Amino acid sequence: MIIRKAFKFRLNTNGVIEADLYQYAGNCRWLWNKALRMNLHRLENKQPLLWYGELDWFSKLWKKSDEHGFLKLSPAQTLQQTLKQLERAFKDAFDKKQPLKRIPTFRKRGDRDSFTFPQGFKIEGRRIFLPKIGWVNFRKSRNIEGTPKNVTVSRQGKHWFVSVQVELAIAEPVHPSTSIVGGDVGVKRLVTLSDGRYFKPVDVTFWQEKIKCLQKRLARMVKFSNNWRKLKARITRLHTKIANIRLDTLHKVSTALSNSHAMIVLEDLQIKNMTKSAKGDVNNPGNKVRQKSGLNRVILEQGWGMFRTFLEYKQHWLGGQVLYVDPKYTSQSCPHCGHTSKANRQSQAEFVCVRCGHQEHADVAGARNILERGHRLLACGEIEVAQLFEAGTGRLSDKPEPVLV
Ligand SMILES: [Zn+2]
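J.: So what's going on with the overall build of the protein? Residues and values would help.
T.: A count of helical and extended segments in the protein gives eleven helices and 16 strands. Accessible surface computed for the protein: about 22200 Å², of which carbon and sulfur atoms make up 52%.

Shown next, in the form of structure tokens:
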């Protein structure tokens, strides 16, 4: 299995080298902002976005101009790489699987000073060759394993660093566990497992209340006044905080799940469709993106899409798997006798089978159904579980008892 990994070292720079590094980072920042401004303008006017090819063409024009001729000083590939990063940022912003990604923002002076060389660099012992800069020594704190694919030069405080991204072949991992579990992803509980355990969703009500409070105060203020700006910045920071808390929880839950089960069965929900109206797609960004995301807030908040992505790559690293099954009727079928009816679902939280009387938390019942479909999928390959249930009474014959591990 091939993985990507980064090794970061501090560069031993001097004034002459640093002057170049500042210039190159500054040029990349200028180009990023210039291209971003063009695309934001196009978004506002509902014109298609400019992608790498077009932006690179503009960049070459600017290079030739007297006004922006300073771009010529930069290694060409660092500028191209900046435009590729911008393209990626815009694509991510419209990717429904990454609901927390927002439209890219302007880079400020001194903020995220960095540039990337996709090629043309050489590493020999404790020194690295960077195009247009030459050989620079670095503090080699560890050996670099794998094949270097690109290097990024960045600044933190007054020091400059080089990060070498490598591709590394590692042995195919074998998951430490052999168990399989079904998971019902929901609103009240983030994930409910077929063994009855569950993970709570992220509780950010405290911070949300705080934001509401501040927003009320903001509304009473003189727009664009100094205090208004300050408060607005504070609200933005709180939003970032909430996003980080959510991300953290999704990481913790997905790591815990991935560590304990080799196979995780989930419903194949088309999250894409659920959030479609808000985000639109790359070529046709949704109108009023902000307002509409408010409507789909609950779904986005849970970050289901991200949760799946995290689980998938964590399972991939560990040698496990995520299996998706048909979600039809998982909430209405009895995990005990298979009877499927709307009446089984007495309330949001309670499942009582009208045929056999089996009683369970509705989310656990759902998770057990999901697990069972996972077993069937593994045993018989592709089957249309939905078809078996189509009649509404569809009792699954010869089904194996769900193995709860
Ligand atoms: Zn039943």
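J.: Got a sec to walk through the nonpolar core? Specific residues and values, please.
T.: The biggest cluster of nonpolar side chains holds 39 residues, and the ones touching the most others in it are Phe115 and Ile133. If you tally residues by element for this core, the top one is helix H1 (residues 15–44), at nine residues. Leu257, Ile264, Phe307 and Phe310 belong to the second-largest nonpolar core, a separate cluster that totals 17 residues.

J.: Give me the lowdown on helix H9 (residues 304–318), citing residues and values where you can.
T.: Each α-helix winds once per 3.6 residues, and so residues spaced three or four apart point in a common direction. Between its first and last C-alpha, H9 extends 21 Å over 15 residues, near the 21 Å set by a 1.5 Å rise per residue. Listed in full, the buried residues belonging to H9 are Trp304, Gly305, Met306, Phe307, Arg308, Phe310, Leu311, Lys314 and Gln315. Immediately beyond the C-terminal end of H9, within one or two residues, lies Gly319, with a positive phi of roughly 90°.

J.: Let's hear about the confidence of the model for the protein: which residues, and what values?
T.: Here the protein shows a mean pLDDT of 84. Residues at 70 or above account for 84%. Of the regions scoring below 50 in pLDDT, residues 271–281 engages in 35 contacts with residues more than four places distant in sequence or in other chains. Scored below 50 in pLDDT, residues 286–292 makes eight contacts in the model with residues more than four places away or belonging to other chains.

J.: For helix H3 (residues 76–93), give the residues involved together with the corresponding values.
T.: Taking 1.5 Å as the rise per residue, H3 with 18 residues should run 26 Å; its terminal C-alpha atoms sit 26 Å apart, in good agreement. Those residues of H3 that sit buried are Gln77, Thr78, Leu79, Gln81, Thr82, Leu83, Leu86, Glu87, Ala89, Phe90, Asp92 and Ala93.

J.: Let's hear about the packing of H1 against H3: which residues, and what values?
T.: To describe two helices that pack against each other, one gives the angle between their axes and the distance between the axes. Remark: H1 packs on H3, axes separated minimally by 9 Å, with the N-to-C direction vectors making an angle of 35°. For H1 against H3, the interelement crossing comes out right-handed. Each of Asn27, Cys28, Leu31, Trp32, Ala35, Leu36, Asn39, Leu40 and Leu43 in H1 lies in contact with H3, whose residues at this interface are Thr78, Leu79, Thr82, Leu83, Gln85, Leu86, Ala89 and Phe90.

J.: Lay out the coordination of the zinc ion with the relevant residues and their values.
T.: Around the zinc ion, the protein contributes the donor atoms Cys334 (SG), Cys337 (SG), Cys353 (SG) and Cys356 (SG), which lie 2.3 Å from the metal centre. Bound by four donor atoms, the zinc ion shows angles of 106 to 112° at the metal and therefore tetrahedral coordination geometry. All donors of the zinc ion come from a single chain, and their spacing in sequence reads C-x2-C-x15-C-x2-C. One end of the pair, Cys337, is in the loop between strand S14 (321–325) and strand S15 (350–352); the other, Cys356, is in the loop between S15 and strand S16 (359–361), with 19 residues separating them in the sequence. Judged by its relative accessible area of 8%, Cys337 is buried. Given the relative accessible area of 35%, Cys356 is considered partly exposed.

J.: Tell me about the sheet that holds strand S9 (residues 191–193), and please be specific about residues and values.
T.: Strand order in the open sheet formed by five strands is S10-S9-S8-S11-S14, and the pairing between neighbours is mixed. Both outer strands of the open sheet, strand S10 (198–199) and S14, are each paired with one neighbouring strand and no more. In the sheet, strand S8 (residues 180–185) pairs with S9 via three bridges, with the strands oriented antiparallel. Note on S9: the bridge partner recorded for Asp184 is Thr192. Sheet strands touched by helix H10 (residues 362–380): S8, S9, strand S11 (263–267) and S14. Its angle to S8, the strand with the most contacts, is close to 135°.

J.: A description of a positive patch on the surface should follow, citing residues and the corresponding values.
T.: Together, Lys210, Lys216, Arg217, Arg220, Arg234 and Arg237 make up a positively charged patch on the protein surface. When contributions to the positive patch are tallied by element, the ones reaching two or more residues are helix H4 (205–220) and helix H5 (226–260). For the positive patch, the element with the highest residue contribution is H4, accounting for four residues. Among the secondary structure elements, Lys210 is positioned in helix H4.

J.: Hey, could you go over the packing of aromatic side chains for me, with residue numbers and the actual values?
T.: All told, the structure shown has 13 aromatic pairs when counted by the stated rule. Seen from their ring centres, Trp57 and Phe58 are 5.4 Å apart, and the 75° between their planes marks the pair as edge-to-face. Overall, Trp57 belongs to the exposed group, its relative accessible area being 54%. When its relative accessible area of 23% is taken as the criterion, Phe58 is described as partly exposed. Judged by centre distance (4.9 Å) and plane angle (85°), the rings of Phe206 and Trp207 are edge-to-face. On the accessibility criterion, Trp207 (23% relative accessible area) is partly exposed. Ring pairs connect the aromatic residues Trp30, Trp57, Phe58, Trp62 and Phe70, which therefore count as one cluster. Lying across the ring of Trp32, Arg107 places its NZ or CZ 4.0 Å from the centre.

J.: Please set out the environment of Lys241 residue by residue, giving values where relevant.
T.: Examined against the element boundaries, Lys241 turns out to sit in helix H5. A sequence separation of 37 residues divides Lys241 from Val204, and the C-alpha atoms of the two residues are 9.6 Å apart.

J.: Could you give an account of the packing of H5 against H9, naming the residues involved and the relevant values?
T.: Between H5 and H9, whose axes approach to 9 Å, the crossing angle comes to 40°. In this view, H5 runs oblique relative to H9, as classed from their interaxial angle. For the pair H5 and H9, the sense of crossing is right-handed. Residues Leu247, Leu250, His251, Val253, Ser254, Thr255, Leu257, Ser258 and Asn259 of H5 form the contact with H9, whose participating residues are Met306, Phe307, Phe310, Leu311, Tyr313, Lys314, Gln315 and Leu318. Class assignment for the residues of the contact of H5 with H9 results in ten nonpolar, six polar and one charged.

Thresholds, definitions, all that
Residues numbered from 1 in each chain as written. Predicted model: local features only at pLDDT ≥ 70, side-chain atom pairs only at ≥ 80, totals over all residues. Heavy atoms only, no water. Helix = DSSP H or I, 4+ residues; strand = E, 2+ residues; numbered from the N terminus. Areas by Shrake-Rupley, 256 points an atom, 1.4 Å probe, with all protein chains shown as cover. Core = buried A, V, L, I, M, F, W, Y, C linked by side-chain atoms within 4.5 Å. Buried < 20%, exposed > 50% of the residue type's maximum accessible area, 1.4 Å probe, protein only. Expected span 1.5 Å × (residues − 1). pLDDT = per-residue confidence, 0-100. Contact = heavy atoms within 4.5 Å. Axes fitted to C-alpha atoms, helices over the stretch in contact; angles between N-to-C directions. Left-handed = near helix turned anticlockwise from the far one by under 90°. Donors = N, O, S within 2.8 Å, 3.2 Å for Na, K, Ca; no water. Tetrahedral: all angles 85-135°; square planar, octahedral: opposite > 155°, others 65-115°. Pairing = 2+ DSSP bridges. Patch = residues over 30% accessible without salt bridge, like charges linked within 9 Å, V, L, I, M, F, W, Y side chains within 5 Å. Salt bridge = Lys/Arg side-chain N within 4 Å of Asp/Glu carboxyl O. Lys, Arg positive; Asp, Glu negative; His and termini not counted. Charge placed at Lys NZ, Arg CZ, Asp CG, Glu CD. Phe/Tyr/Trp six-rings, centres within 6.5 Å; stacked < 30°, edge-to-face > 60°. Lys NZ or Arg CZ within 6 Å of the ring centre and 35° of its normal. Parallel < 35°, antiparallel > 145°, perpendicular 65-115°, else oblique. Nonpolar A, V, L, I, M, F, W, Y, C, P; charged D, E, K, R; others polar.

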